[in-house]
Amino acid sequence: MQTMDDILGSGVPSALVHDEGGAEGVLLGDTLARLAEHMAHALECSECCVYEYLPERNALRAQALWSRVLTARDVDWVGDVHQLDDVPGFERVVKDRKVLCSYPDDEADKATAGFETMEYWGELATIWAPIVYGDRVLGMLELTEKERDRRFGPADERLAGQMAALAGVALHNAQLSRAAGERNRQLTALIDASRAMTSTLDLDELLQVVCRQAALALDAAASYIYSYDADADAMVWLAEYQSDPSHTFEEPLGTVYPIDDLPQDQAVVRARQAIEVRVDDPHIDADMLVQMREWGEQSSLMVPLAVGGTVVGALEVSEISYPRHFTEQETALCVALGEQAAVAIHNAELYRRLQEQKETIELQATIDGLTNLVNHRHFWDRLRSEVARAQRYDQPLSLLMLDLDDFKRVNDRFGHLVGDDLLRGVGHALRTQVRQGVDCAARYGGEEFAVILPSTRSELAGGDVDGAVTTAERIRAAVAALQSPVDEAGWSGVTVSIGVATLPLHADTAEELVTRADQALYWAKARGKDTVAVYGSG
């Protein structure tokens, strides 16, 4: 199999085509390559190139080239887009629809690159003919002689015009096929986007899906989603998609932009309709032009995201390579995507709120409202779970049972509101003295509390004090140090008695562990209160 290096300069006639992808692109490329070869033979030229006119870019793109001897420059040329403003000869052919000839000795030698001479390309004679179908210019035909001196006559010009007409039929049919393929692609993209948007209720994931699908559906370089904060009259940047990941911005997601600083966004939100802006628009807002240049955008299409007649945000697709004009069909597609996205985002937001409410309710069902410690029911669920874990991995598990000493006297003398303040203080003291995310402090009931200490023993062999007793002593000291909730001289402080038991040393089940720790608490009370007792220490 021949490689490109084998073909280049080998003297073997060869063709190059611009690869557009898909079956339509392959068919167009093959057709134009064959036409280029036949046209070169008909005029006995060394080379023939077929260009397609891109009116929205005021440019020509080299679609296919046949040459007796291909060069590396030819490879680079095919597929390139050439602005008519840069190549006066090209512009005259397209705008005036005239067949033109060019030679190296012309005073205005611009050749095919505009700023390179025919000598640079090794060209001895060139003839250009506009490719016209109906009343539209579809492209340009270029025939070049590189092997001998030559002057094209009227008969050559007529023949070039006739061959350009044949190329016009081919380009017209190809454009019809391309348009049908584009409609199918857009319809497929709309269906794919709809499926993708309904595949998740995670808001962050959904925003990324919408951005990606919008950019892919319109074959755009980038896409962005903003939410509209009506209270602040501002746009909040929520998500983006870049076909080129290296294209980044200094501002992070979440940046808030006052809508008065964004002419396009303001028009979309106020008018509730799609707005397109391009840098080549002579009537573009001056501030908008500055912003687009700062963001590296050549054109932008923005559509509103509305739910129930209320604008909640905007979807934007942008092009960075040229001032693209989005067709009516592309704008309609973007609007349809925006409508789907608005509903999907609204549903995702509702789902997130419901999940947050559910989590709040579930949290409230496990938390004691007064002390913010876990409640009695959740304590037992957690204890049984920790017992099973400790037995599975052969780890110790300690339990502290606590009871405020003479708490009834506080309620009787100072009232239940003061008693509640005291219980809140005890809850805070417990939270500050246990390991966050490991231990579990609970309000067992009334003035009784409990602390689950995973992977913690009460005492080591030899009588050395280990974590459970140390933690209990810290808690006892923290409770004793609580400030008086009342401004009265009769306040004598509050103390706590604590019982300690450990699995498997003192118990084998959750119920036995609570019973043993409760027994140790009874011994602590019997010793005079404000003390810590370990089960089995009598």
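Residues numbered from 1 in each chain as written. Predicted model: local features only at pLDDT ≥ 70, side-chain atom pairs only at ≥ 80, totals over all residues. Heavy atoms only, no water.

### Thoughts on helix α7 (residues 203–217)
A rise of 1.5 Å per residue sets the reference length of α7, with its 15 residues, at 21 Å; its end C-alpha atoms lie 21 Å apart and thus fit the reference within 8%. Three or more residues of α7 are buried, namely Leu 203, Leu 206, Leu 207, Val 209, Val 210, Cys 211, Gln 213, Ala 214, Ala 215 and Ala 217. (Helix = DSSP H or I, 4+ residues; strand = E, 2+ residues; numbered from the N terminus. Expected span 1.5 Å × (residues − 1). Buried < 20%, exposed > 50% of the residue type's maximum accessible area, 1.4 Å probe, protein only.)

### Remarks on the side chain of Gln 433
Summarising the element assignment, Gln 433 is placed in helix α13 (residues 416–433). A polar contact of 3.5 Å, which involves the side chain of Gln 433, links it to the side chain of Thr 432. (Polar contact = N/O pair within 3.5 Å; in protein donor to acceptor, adjacent residues only side chain to side chain.)

### Looking at the pattern of salt bridges
Counting across every chain of the model gives 22 salt bridges. Between Asp 233 and Arg 270 there is a salt bridge whose closest N-O contact spans 3.1 Å. On the criterion of sequence distance, the pair formed by Asp 233 in the loop between β8 (222–229) and β9 (234–242) and Arg 270 in helix α8 (residues 263–271) is long-range, its members being 37 residues apart. You can call Asp 233 partly exposed: its relative accessible area is 23%. Owing to a relative accessible area of 45%, Arg 270 belongs among the partly exposed residues under this scheme. The salt bridge partner of Arg 476 is Asp 530, with a shortest N-O separation of 3.1 Å. With Arg 476 in helix α14 (residues 467–480) and Asp 530 in the loop between α15 (510–526) and β18 (532–534), this pair connects stretches of sequence that are 54 residues apart. Looking at Arg 476, the relative accessible area reads 21%, which means it is partly exposed. On the basis of relative accessible area, Asp 530 is assigned to the partly exposed category, the value being 29%. (Salt bridge = Lys/Arg side-chain N within 4 Å of Asp/Glu carboxyl O.)

### Topic: the sheet that holds strand β15 (residues 440–445)
Pairing in this open sheet of 5 strands is mixed, and the strands run β15-β16-β14-β17-β18 from one edge to the other. The outermost strands of the open sheet, each flanked by one partner alone, are β15 and β18. Averaged over neighbouring strand pairs, the angle between their axes works out to 20° when direction is ignored. Where strand β14 (residues 397–404) meets strand β17 (residues 496–503), 8 bridges bridge the pair, whose relative direction is antiparallel. Directly across from Asp 403, in β17, lies its bridge partner Ser 497. Along the sheet, α15 makes contact with β14, β15, β17 and β18, crossing β17 at roughly 145°. (Pairing = 2+ DSSP bridges. Axes fitted to C-alpha atoms, helices over the stretch in contact; angles between N-to-C directions. Contact = heavy atoms within 4.5 Å.)

### Overview of the packing of aromatic side chains
Counting across every chain of the model gives 8 aromatic pairs. With a centroid separation of 5.6 Å and an interplanar angle of 85°, the aromatic rings of Phe 90 and Trp 128 are classed as edge-to-face. Of this pair, Phe 90 sits in helix α4 (residues 88–96) while Trp 128 sits in strand β6 (residues 125–133), placing them 38 residues apart in sequence. With relative accessibility at 4%, the residue Trp 128 sits in the buried group. Among the aromatic side chains, those forming a connected cluster through ring pairs are Tyr 51, Phe 90 and Trp 128. Sitting above the plane of the Tyr 322 ring, Arg 57 keeps its charged end 3.7 Å from the centroid. The side chain of Arg 151 reaches across the aromatic face of Tyr 103, ending 4.1 Å from its centre. (Phe/Tyr/Trp six-rings, centres within 6.5 Å; stacked < 30°, edge-to-face > 60°. Lys NZ or Arg CZ within 6 Å of the ring centre and 35° of its normal.)

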